[in-house]
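Here is how the chains run, residue by residue.
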Amino acid sequence: MTLHPDLNFPAPEILARLTPEELAALMNGPQGGGLRGTLCARLGIEFIGIARDRLSARMPVEGNLQPAGRLHGGANLALAEELASVGSWVNLDPRKQVAVGVDLSGTHVRGVSGGFVTGEATLAYRGRSVLVWTVEIRDERRRLTSLARCTCNVVSVGG
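All values reported here derive from a predicted model rather than from experimental measurement.

**Quick look at the overall build of the chain**
Now for step 1: Summing up its helical and strand segments, the chain has four helices and six strands in all.
Now for step 2: Starting at the N terminus, the α and β elements of the chain follow one another as α-α-α-β-β-α-β-β-β-β.
Now for step 3: For the chain, the C-alpha atoms occupy an extent of roughly 50 × 35 × 25 Å along the three principal directions.
Now for step 4: A total of 159 residues make up the chain; the buried ones form 42% of that total.
Now for step 5: Nonlocal contacts in the chain, meaning residues at least 24 apart in sequence, comprise 62% of its contacts between residues at least 6 apart.
Now for step 6: Surface accessibility of the chain: about 8400 Å² in total, with carbon and sulfur atoms responsible for 49%.
Now for step 7: Averaging the positions of the 17 positive and the 15 negative side-chain charges in the chain gives two centres separated by 4 Å.

Below is the structure:
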């Protein structure tokens, strides 16, 4: 598995010394607009804070609408999986392992037609080969808009 060329994910001993904001800046890419060529960058997802058991990111509604003028449910789920995958990575040694989403479910409870949504992921289970996250997505008034659960499998890479 080849990692993104702009992703210089630190070794676990360095990772442990970074603040959630420093880690978020790393994942936002060299220019702060996401890692080029990724869905995260295309959707405009911006990480706010990243820690081993909780992380958050925001995403603009504009540009991620369905034809009916509301935030597309698939964009919500992409935000949820991005949070869960990155959250899983910070629980691993990226020189040896990465995490990939293998199961994702969501319930959209409120439509959003403008502004930003913010997703907050919380680690629900951490095992050797699987991590499970719950994700709450809220509008700018902090009203719940979507609930999701994402399971990530751990995949060995490199030597």
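Read on for the rest.
**Structural notes on the pattern of salt bridges**
Now for step 1: Overall, the coordinates contain seven salt bridges when judged by the stated rule.
Now for step 2: As a salt-bridge pair, Arg-58 and Glu-46 come within 3.5 Å of each other at their nearest N and O atoms. A residue pair is termed long-range when its members are at least 10 positions apart, and Arg-58 in strand E2 (residues 54–60) and Glu-46 in strand E1 (residues 46–50) qualify at 12 residues.
Now for step 3: A residue is classified by how much of its surface remains accessible, and Arg-58, at 29% relative accessible area, is partly exposed.
Now for step 4: Asp-93 is paired through a salt bridge with Arg-95; the nearest N and O atoms lie 3.0 Å apart.
Now for step 5: Taking relative accessible area as the criterion, Asp-93 reaches 13% and is therefore assigned buried.
Now for step 6: Taken together, the shared-partner salt bridges connect Glu-13, Asp-93 and Arg-95 into one network.

Conventions adopted
- Residues numbered from 1 in each chain as written.
- Predicted model: local features only at pLDDT ≥ 70, side-chain atom pairs only at ≥ 80, totals over all residues.
- Heavy atoms only, no water.
- Helix = DSSP H or I, 4+ residues; strand = E, 2+ residues; numbered from the N terminus.
- Buried < 20%, exposed > 50% of the residue type's maximum accessible area, 1.4 Å probe, protein only.
- Contact = heavy atoms within 4.5 Å.
- Areas by Shrake-Rupley, 256 points an atom, 1.4 Å probe, with all protein chains shown as cover.
- Lys, Arg positive; Asp, Glu negative; His and termini not counted.
- Charge placed at Lys NZ, Arg CZ, Asp CG, Glu CD.
- Salt bridge = Lys/Arg side-chain N within 4 Å of Asp/Glu carboxyl O.

Any functional reading would require information that these geometric values do not contain.
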